Each structure stands twice: as structure tokens, then as C-alpha cells.
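Remarks on the overall topology
Residue-level listing of the chains:
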Amino acid sequence: MTRSPIAILVPLAFMAGLYFAVFSPVSQFLPALLKGLTVTVSVAVPSILFTYVISIAAGLGRLSTVLPLRWLSAVYIEVFRGVSLLVILFWLYFVLPEFGLTLSAYTAAFLGISLNAGAYGAEIVRGAVQAVPRGQFEACVTLNLTLWHKYGRIILPQALVIAVPAMTNMTIELLKGTALVSAVTLVDLTAAGVRQNQLTYQTVEIFSALALVYFCLAQVIRVSGTQLEQVFNRHLGAQ
Amino acid sequence: MQNEKIRFEGVTKRYGSLVVLDQLNLSIAEGEVVTIIGPSGSGKTTVLRCLMTLESIEDGLIYIDGEPLNKMERGGQMVPASTAHLRKMRQKLGMVFQSFNLFPHLTVLQNCAEPPVMAMGVGRNEARERAIDLLNMVGMGDKQNHYPAQLSGGQQQRVAIARTLAMQPEILVFDEPTSALDPETIEEVTSVIRSLAVKHSYTILMVTHQIDFAHDISDRICFFDKGRIVEQGPPTSVIDAPVEPRTQQFLRKVAQAR
Amino acid sequence: MDWRWDFTFDTVMPRILPGLWVTIEVTFLSFALSLFLGLFLMIAKRSKIRALSLIAGEFIEFMRGMPLLVVIFFLFFMLPEVDIFLAPFWTGVLAMGIYNAAPAAEIMRGGLQAVPKGQWEAAHVLNYSTFRTWRHIILPQAIGPVVPGLGNLLILAFKETPLLSFVAVPEMLDAAKRITSETYRFTEPLTVVGILFLILSLGSALLIRLVERHMLREYHHAK
């Protein structure tokens, strides 16, 4: 599903229009929503980056020939995929202090979201590595490449191309997951919207704005994914 | 007899209850060109894959220059080879695959110049120069900056040969190098292999279905069936005047197919 | 850390287990709604009427970028304003049902697309009626790839139910939250909820894998 950048630009322009139209009812809640948006973005961006790191580490760990590493990755993946993100967030923020580790609201949100998404990402990376043709692994053996070069230079670059579409979807899911951070007392976009709704009762306007902003953010991720895919494919020539 | 380069000693390979190699004994001299022919499923390719350590073997030993490949000596006992030992031994080996297995995300030049840098610590410039020489040798010098997907099968296979040579192996292993090619591009690959067999001192072990080609370049032909060598000798005897009924039958079938 | 087993068994478990039942109810009811709505969405998207397929496509796209929590809150606040008064439980079922309709539609569409075009043509040539084409040719082939996808969606829905605790649907997490606000003990209730989720989602994933394998075997037999 390819979408032109116009698909982002139009809604974004609309958003800007809304923002500058400081007319009437909208101006009551919009500043608060934008403040919430900065929280959402400040949680989402570092989480996305950390999630990619975890995905690759745990995805490769799952395929490792070193048994303890494989088991550790498997346990991590199953636990953090098996439990709801919201429960994970609550647990990190409210239960972990019982074990002597107190996290700030932001850290709990960042860790909970990345660990949860990273477990899904790890399965994507694992699948992508397994989708790299067997011959590529064999060529690495016959060319005597070390583990580091084999994965760093040969296998991962090919696997990541395969993983892009699924990773894009996972990233959008991660973005949607940030809507839950109010559980650890952060006031993100969604929480700001709910608060403003209780103050101003402009339900339709507020939730339309929320939906629109989330839609724009998701489009940014989707279009970046598609662009990335095209760059990779051009690189790989006429296959 | 010249120096022995490779020796298979009682090598047995099984997949479950299926015996693919049955107590294989085979000795190859330095500089010798040996071709394995035989019906599909006879274990020909497995011989190469065991030599390249792509497959484990259940029993037996493979020696290269008199040194065990799949085992090593530790404390007076033979134990399974360590990764370091395998890496050391594999430096002498180079393999060309049926399906080329070029790295699709690297250019032709990178495919040939990077592995020596990564695996042997050769300097970047040196590796680059040697790669260019080799690409010129296989007639691919003008395609350095192409990606594998932009090349025909025959061109990819020639690049794959250059990539293998860039690792400076002493032993070349060809696994059906022309089987995945369009008929019109076979010749460009066989002529490269022929020049390697004739002009250079490589020890070559090859599996192929091209009997005429095997006849041309081989010092020795091994006819393989059901995991065993049924008949071996110079091409003039095994191909032109086979003794074993199974060899005769196989060659008749191949001749009919053409 | 102090973990109190008596608290766990005397207070936490008896109050969380009814919540588990609510969780399961919400999961299945909302999933049924998702399948129902998803079927219509899919038919609309495949429709030859361009406007209809465009709207369905955009709706699916739009819902994919929307957090479930926004949907839940929207219905929770909006429905009373238009004079629809539902219990939080049913608001939750409705929200999750609508939310998961889009992925359900995409999964079903994927299954149909996996049926080779030649199958439709063959049925046409054999003069099969539309009903017979669907019943005997298309559906049996489409169902194979659809089952694992929908199974995973069901597990995802199950893991989404805690979000309903935001609007006080008495599911597991809501029960745990109530215990914590009364006793100021977080460890046991939240850990129990986490473990129950883990057991149930791992268990159902296993179940789906078994069903999938069973269906694959049948499929291969049929071949």
C-alpha cells in the first residue's frame, strides 16, 4: 500500500490550520493537547530506537547456538509478548519498587513500551533472518567469515530489508501503545484529551483532533517505512 | 604419486536411517583435477559439502595436507574440531556453488574485495586490486559496480569464481557450477574453469552433469552411486570404456538425454 | 520484598478470578462482533462500487493508526451524549469489537486473495452457482490461511482487555486496582494478574498452533 507524502502533508496542514485558527472552542483544549503530544513523542521516539536494538539482540539471541542465550531470549520474548502492555507498565511502576528498584514515570513508560514492542520485534527479526536464503549462510562459512562479519555485513543487512514492512507495523503498534502511559501518571496526548473532555465537554471535537493527530503520526511512520523499502529495493537491483 | 592433498578415510554420512556416504575412501593428489559424476541422489554433492564442513559426518576422517579436518588432537586424543581449527583448515578451501550465492546487497567488486578483508585481514587497497585483477581474468572487469541481480547467471557464476579465488585457496570445490545456468551461458563459465584447471596449480574437486566437460579437464573421474565410488580412473577409461554395468547404464542414459 | 501468600490466596485470588471470567467474556463477545463487522468491511472493500470500497479502505487505514484507548474513551463519553446508555461492559465490547474489525477484515481479505484466480474461473466454467462456488470452492481454500491470523487476533484482543479498566469494566486488572487502592499492596495483585495473562496467552497460542497443524494436515490429505 503506497501512499504519497501528500497523505501526511494534507492532514498536517489541516492540523496547522487548526492550531493557528485560535478561534473559539478549539483554542480551549488545543494547547493542552499539543502539550500532551510532546509527551507522546518524547516517549515514542526513544522507545522506538531502543525497541529496534532489543529486537535485533533478542531476535539473534533466539537463533544463537549458545543455549543459555537462546533460552534467555525465548523467555524474554514469551513473557513480554504474553502479558498486556498495561499490566507490564503497572508492574514496572508499582511493583518493582517493592524489589528495591524505583523507576520514574518516564523510565517506566519507556522501558515497558520498548520491552513489550521489542518482544514482538525480536520475532520479526528472527523470521527475517530465517528468510535469508540458506546459500548466504553457506557462502559465509566457505568464505571463512567470522560470526561478527557474517551477521553484521552479510545476513543482517539482508534480513532487515525483509523485516521493514513488519517492523513498520510494529512501530505503529508501539505508537498506539504510548496511549497507555497515563497508567504511570504521564499526561500524554490521550490523557490530555480525556482531561480536556472532562473540562470542556467538547467530546466530538477533542476526539476528532486526537484521532487526526494519531493518524498523522502513524502516516509518518508508514511513509518512512515505504520510502526505506524503496531505497533498499533500488539498491538490490532488478530482482 | 605426488603429494597427497585431500584424503577421505572411511567417511560416513547419514540422514536418520538414510546412508548418504558409505565408508568413503578417496585420495586426491596436489594439482589433480577430480570430477565426480553419477545419478542424482547418489551423494556426490554431499562429498563436497562434507569437505567444506557444511555438513557434519558421523564417522571417518577427512585429511587436508595430512592434517585432520573434522577432528583435532588434544591430549593425545582425537576430539571434534574447534571453530578455530575449522577456520584455519578452511583457509585452504574455496567453494563455488550451484546457485552462486553472491551477496545481493554488495556490488560485484565488494563481493570479491570484502571477504578477504573481513576473513584474512588483507589490506583494503590490496584486496581491491586483487579483486579487480581476478574480475578481469574472468572477464567481468567492466561490471565491477553492478549488483548481482543485474547480471545473467553465467556472469554471476564468473563473479562467484573470482570471489572464491580472492580468498587464495589451494583447493577449489565446484558444486554443479553450470546446473543453474541457461544453456547459452554455460560455455562462458566452463571456459573459466577450464583455464583454472589447465593453467593453474589448484587442486580441483568438482561435481557436474556435463560429461564432455568433465572428460576434457579431469585427470580422474569417479562414478558415484548409492554413496559409494563404483568406478574411478582417467576419463579415457571411465567415460570412454566403462567396466561396471552401472556406469555403462548411467552414461547411456546421459547420452540418450542429449 | 515481602510476598504474603495468605493475602494472595484469601484476598487476591477470590477477587481476581471473577475478573478473569469478565476478561474472557469481553474477549469472545468483542471478537464475535469484530468478525461480524470485519466481514462487512471486507465485502465493502472488495465491492465493485468504487465509493464503497474507497470508504471501507480508508476506514481500515484510519482505525489502524488509532489507539484502542481513544476508541474506548470516545464511546464512553460520546454514547451518553447521544442518549445511549450502556453499561461499561457493553461499551467495552463495542469499542474492542469496532477496533479489531479492521484487522479482522484484512485477515479475511488476505485469505480470499490467497485463493488462486484460476479457481474462480474453473468454478465459472463448470457453471457453479455463486453459492456453490463460495461454499465448495472458495471458502474451503480460504479458511486455511485465515485461521492462524484470526487466532492471533483473538489472543491480541485478550491482551487488550485490561485497557477497559480505564472505564471501570470489572475485568482482572480492574479487580487488581481495586484491591491495591483498598489495601495499598501492589505486589501480589499485579503479579497475579501478570502471571494469569502469561499462562492464558501462552496456552491459547499453543492451542492455536495445534489447530493450525491439524488443519494443515487435513489440507495436505485433501491434496
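All figures in this text were calculated on a predicted structure; none of them were measured in a lab.

Looking at chain A, the pLDDT average stands at 89 and 91% of residues meet or exceed 70. Confidence scores differ between elements of chain A, with helix α1 (residues 6-20) of chain A showing the lowest mean pLDDT of 70 and helix α5 (residues 105-131) of chain A the highest of 96.

Phi is positive for Lys226 of chain B, close to 50°, though the residue is something other than glycine. With respect to the secondary-structure elements, Lys226 of chain B resides in the loop between β11 (220-225) and β12 (228-233). Its identity as a non-glycine residue notwithstanding, Ala168 of chain C has a phi of 65°, on the positive side. One can find Ala168 of chain C in the loop between α6 (130-160) and α7 (172-183). Of the residues examined, Ala168 of chain C reaches a relative accessible area of 38% and is grouped as partly exposed.

Residues and elements named next belong to chain B. Within the open sheet, the four strands sit side by side as β2-β1-β4-β5. Their pairing is antiparallel. The open sheet has two free edges, formed respectively by β2 (18-29) and β5 (67-68), since each of these has just one partner strand. Across eight bridges, strand β1 (residues 4-15) lies against β2 in antiparallel orientation. Each residue of the ladder has a partner; that of Val11, found in β2, is Leu24.

What follows deals with the layout of surface pockets. Empty pockets left among the atoms are what a rolling probe the size of a water molecule brings to light. In this model, the second largest pocket occupies a volume close to 910 Å³. Lining the second largest pocket are 30 residues, with Thr65, Phe137, Leu147, Lys150 and Tyr151 of chain A sitting closest to its centre. Looking at the lining of the second largest pocket, the elements with two or more residues in it are α2 (24-63), α5, α6 (134-142) and α7 (147-177) of chain A together with α2 (83-90) of chain B. In terms of residue count, α7 of chain A provides more of the lining of the second largest pocket than any other element does, six residues in total. Here the residues of the lining of the second largest pocket sort into 17 nonpolar, eight polar and five charged.

Now for the environment of Thr8 of chain C. Residues and elements named next belong to chain C. Inspection of the secondary structure assignment puts Thr8 in helix α1 (residues 5-46). Through-space distance from the C-alpha of Thr8 to that of Leu112 is 48 Å; in sequence the pair is 104 residues apart. If we skip the residues at most four places from it in the chain, Thr8 touches Trp3, Met13, Pro14, Glu188 and Val192.

So, on to the packing of α1 of chain C against α7 of chain C. Residues and elements named next belong to chain C. Contact pair α1 / α7: the axes reach a minimum separation of 7 Å and the direction vectors enclose 150°. Here α7 runs roughly antiparallel to α1, going by the angle between their axes. In terms of crossing hand, the pair formed by α1 and α7 is right-handed. Counting all contacts with α1, which are made through Phe7, Thr11, Val12, Arg15, Ile16, Gly19, Leu20 and Thr23, the residues of α7 involved are Met172, Ala175, Ala176, Arg178, Ile179, Glu182 and Thr183. Looking at the contact of α1 with α7 residue by residue, the classes come out as eight nonpolar, four polar and three charged.

This part takes up the interface of chain B and chain A. Of the residues lining the interface, 25 residues belong to chain B; the matching set on chain A comes to 22 residues. Contact between chain B and chain A buries roughly 2200 Å² in total, counting both sides, with carbon and sulfur atoms accounting for 60%. Taken as a group, Phe103, His105 and Met118 of chain B account for 28% of the area that chain B buries against chain A, more than any other trio of residues on that side. Where chain B meets chain A, there are two salt bridges. For Glu138 of chain A, the salt bridge is made with Arg49 of chain B, and the minimal N-O distance between the two is 2.6 Å. Counting every contact that joins chain B to chain A gives 10 residue pairs in polar contact (both at pLDDT 80 or more). Those elements giving two or more residues to the side of chain B that touches chain A turn out to be α2, β8 (93-96) and α3 (108-120) of chain B. Sort the elements by how many residues they give to the side of chain B that touches chain A and α3 of chain B lands first, with five residues. Looking at the side of chain B that touches chain A residue by residue, the classes come out as 15 nonpolar, five polar and five charged.

Conventions and cut-offs
- Residues numbered from 1 in each chain as written.
- Chains lettered and ligands numbered in written order.
- Predicted model: local features only at pLDDT ≥ 70, side-chain atom pairs only at ≥ 80, totals over all residues.
- Heavy atoms only, no water.
- pLDDT = per-residue confidence, 0-100.
- Helix = DSSP H or I, 4+ residues; strand = E, 2+ residues; numbered from the N terminus.
- Buried < 20%, exposed > 50% of the residue type's maximum accessible area, 1.4 Å probe, protein only.
- Pairing = 2+ DSSP bridges.
- 1 Å grid on protein atoms, 1.4 Å probe; cavity = no way out; pocket = protein on both sides within 12 Å on 5 of 7 lines; lining within 4 Å.
- Points joined across faces, edges and corners; volume = space filled by probe spheres on them.
- Nonpolar A, V, L, I, M, F, W, Y, C, P; charged D, E, K, R; others polar.
- Contact = heavy atoms within 4.5 Å.
- Axes fitted to C-alpha atoms, helices over the stretch in contact; angles between N-to-C directions.
- Parallel < 35°, antiparallel > 145°, perpendicular 65-115°, else oblique.
- Left-handed = near helix turned anticlockwise from the far one by under 90°.
- Buried area = accessible area lost by both parts, 1.4 Å probe.
- Salt bridge = Lys/Arg side-chain N within 4 Å of Asp/Glu carboxyl O.
- Polar contact = N/O pair within 3.5 Å; in protein donor to acceptor, adjacent residues only side chain to side chain.

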